[in-house]
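Listed below are the residues making up each chain.
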Amino acid sequence: MILVTGSSGQIGTELVPYLREKYGKDSVISSDIMEPTGTQTGYIRLDVTDRDSLDRAIEKYGITDIFHLAGILSAKGEKDPDLAYRVNLNGTYNVLEAARRHSLDKVIIPSTIGVFGPETPKRNVPSITVLRPRTMYGVTKVAAELLGQYYYEKFRLDVRSLRYPGIISYMAEPTAGTTDYAVEIFYYAVRMKKYTCYLQKNRRLPMMYMPDALRALTDLYEADSNKISLRNGYNVQAYSFTPEELYGKIAERINGFQIEYKPDYRDGIAATWPESIDSSDAIKEWGFRYDYDLDRTVDDMIDHISEKLGVSRKHLV
Ligand SMILES: NC(=O)c1ccc[n+]([C@@H]2O[C@H](COP(=O)([O-])OP(=O)(O)OC[C@H]3O[C@@H](n4cnc5c(N)ncnc54)[C@H](O)[C@@H]3O)[C@@H](O)[C@H]2O)c1
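Residues numbered from 1 in each chain as written. Predicted model: local features only at pLDDT ≥ 70, side-chain atom pairs only at ≥ 80, totals over all residues. Heavy atoms only, no water.

> Got a minute to help me understand the domain arrangement of the protein in this structure?
In many analyses, interface size is given as the accessible surface area lost on bringing the parts together. Domain assignment breaks the protein into domain 1 (2–166 + 208–235) and domain 2 (171–207 + 239–274 + 292–316). Here domain 1 and domain 2 have C-alpha centroids that lie 26 Å from each other. Taken residue by residue, the interface counts 25 residues in domain 1 and 23 residues in domain 2. Buried surface at the junction of domain 1 and domain 2, summed over both partners, amounts to about 2100 Å²; 66% is from carbon and sulfur atoms. Inspection of the domain 1/domain 2 interface yields zero salt bridges. For the interface between domain 1 and domain 2, the tally reads nine residue pairs in polar contact (both at pLDDT 80 or more). Looking at the side of domain 1 that touches domain 2, the elements with two or more residues in it are α1 (12–23), α3 (74–79), β11 (205–209) and α7 (210–222). Per element, the largest residue contribution to the side of domain 1 that touches domain 2 is five residues, and it comes from α3. When its residues are assigned to classes, the side of domain 1 that touches domain 2 shows eleven nonpolar, eight polar and six charged. (Domains from an automatic or database assignment. Contact = heavy atoms within 4.5 Å. Buried area = accessible area lost by both parts, 1.4 Å probe. Salt bridge = Lys/Arg side-chain N within 4 Å of Asp/Glu carboxyl O. Polar contact = N/O pair within 3.5 Å; in protein donor to acceptor, adjacent residues only side chain to side chain. Helix = DSSP H or I, 4+ residues; strand = E, 2+ residues; numbered from the N terminus. Nonpolar A, V, L, I, M, F, W, Y, C, P; charged D, E, K, R; others polar.)

Put into structure tokens, the structure is as follows:
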């Protein structure tokens, strides 16, 4: 039985049904401190900072594997660094300790490009590189990566991690990250054909579409343990673009779409992150691949968001 923590967030909302489809409808317990939207079965309220509740859930539901998604992302973490420390660091420590004590099979922990910092090379960054982040999110995620590696080497707990770039998706709207603009822009484009972007127009960042992000996570989960040489985190990205380039792609499809730029503190966070990362370790070791290039992502996002908002495609062109 798989436990997903942080299951009501942007990734969990889609990962839970994806895992149920793949491994069976009764194969997953979803958990969060926030109720899921819609009717999700098999949900429990679980705060990862509460070690006893984690132990009880593992015992009660016969948990064998954990996908640990609960976290406080970069932008929210800079507003409340204390909360980010408690959830990201203490929460991850609790998950690893509970997994060790109950001899669980695997723990999957998504990491992030937030682990990089201004001293990291800017382009095509390899998985093993300088990690000197300047956000509380980054600091706690580097520590979480190192803890994962430590638990693997010291206790042989099968911990696996990949570093997601910004994730683009249409089901749950992200609200806590620095790359959220790449989702938000579609809602504004479809709803009012106007968007004010909080990053500079040339701020290039690595990104990926949700279906590829979900498959990457389960490919890593299913890979033979002896193929996984990096226990702290594999870089993965599908593409990297600037807000102006994404705007151009959307404007080709939505007539009259306008953008203006008012960079805020999130642009300062993004400035410390690389423009692109090198996925070659993930490709070589466990077959990472992606299906959605930027054009296909933009087409799919506009289709789903116009349907969600009840806007006809005819109104857009
Ligand atoms: N979305 C991205 O672009 C992205 C990029 C890189 C890495 N990641 C990583 O993926 C994971 C999931 O990210 P997401 O985008 O779904 O984030 P999100 O902010 O949308 O969701 C996080 C979830 O964690 C829950 N949570 C917060 N505190 C909790 C606690 N104490 N106990 C239990 N749950 C708690 C929140 O209620 C929320 O539902 C995170 O570890 C994040 O670092 C995400």
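> When you look at the nonpolar core in this model, what are you seeing that I'm missing?
General note: in soluble globular proteins, nonpolar side chains tend to be found buried as a group. In this structure, I168, Y181, F186, L246, I250 and W286 are the most contacted members of the largest nonpolar core, which totals 72 residues. Two domains each put at least three residues into this core: domain 1 (2–166 + 208–235) and domain 2 (171–207 + 239–274 + 292–316). Residues in contact with I250, not counting those within four places in the same chain, are I185, F186, A189, F257, V298 and I302. A70, V87, V95 and V159 belong to the second largest nonpolar core, which has 24 residues in total. (Core = buried A, V, L, I, M, F, W, Y, C linked by side-chain atoms within 4.5 Å. Buried < 20%, exposed > 50% of the residue type's maximum accessible area, 1.4 Å probe, protein only.)

> Which parts of the structure should I look at to understand the sheet that holds strand β6 (residues 111–112)?
In sheet architecture, strand pairing relies on hydrogen bonds along the backbone and comes in two forms, parallel and antiparallel. Spatial ordering of the open sheet is given by β6-β8-β12, a layout of three strands whose pairing is parallel. What marks the edges here is a single partner per strand, and that holds for β6 and β12 (234–235). Across two bridges, β6 lies against strand β8 (residues 162–164) in parallel orientation. Considered in β8, the bridge of T112 is made with Y164. Where α7 meets the sheet, its contacts fall on β8 and β12, and the angle it forms with β8 comes to roughly 175 degrees. (Pairing = 2+ DSSP bridges. Axes fitted to C-alpha atoms, helices over the stretch in contact; angles between N-to-C directions.)

> Mind showing me how you'd approach helix α11 (residues 294–309) here?
Turn by turn, an α-helix covers 3.6 residues, leaving residues three or four places apart pointing in a common direction. An ideal rise of 1.5 Å per residue puts 22 Å on 16 residues; α11 measures up with 22 Å between its terminal C-alpha atoms. Looking at α11, one finds that the buried residues are L294, T297, V298, D300, M301, I302, I305 and S306. Packing partners of the buried residues in α11 comprise β9 (166–168), α6 (181–192), β11, β13 (239–241), α8 (243–251) and α12 (313–316). The residue sitting at the N-terminus of α11 and contributing the capping side-chain oxygen is D293; that oxygen lies 3.3 Å from the backbone nitrogen of D295. (Expected span 1.5 Å × (residues − 1).)

> What am I meant to see in the sheet that holds strand β3 (residues 43–45) here?
Spatial ordering of the open sheet is given by β3-β2-β1-β4-β5-β7, a layout of six strands whose pairing is parallel. The sheet is open, and its two borders are formed by β3 and β7 (158–160), each paired with just one other strand. Ignoring strand direction, the axes of neighbouring strands in this sheet form an average angle of 20 degrees. The pairing of strand β1 (residues 2–5) with strand β4 (residues 65–68) spans four bridges and is classified as parallel. Looking at β4, one finds that L3 is bridged to I66. Sheet strands in contact with helix α4 (residues 81–101) are β4, β5 (106–108) and β7, and its direction is about 170 degrees off that of β4.

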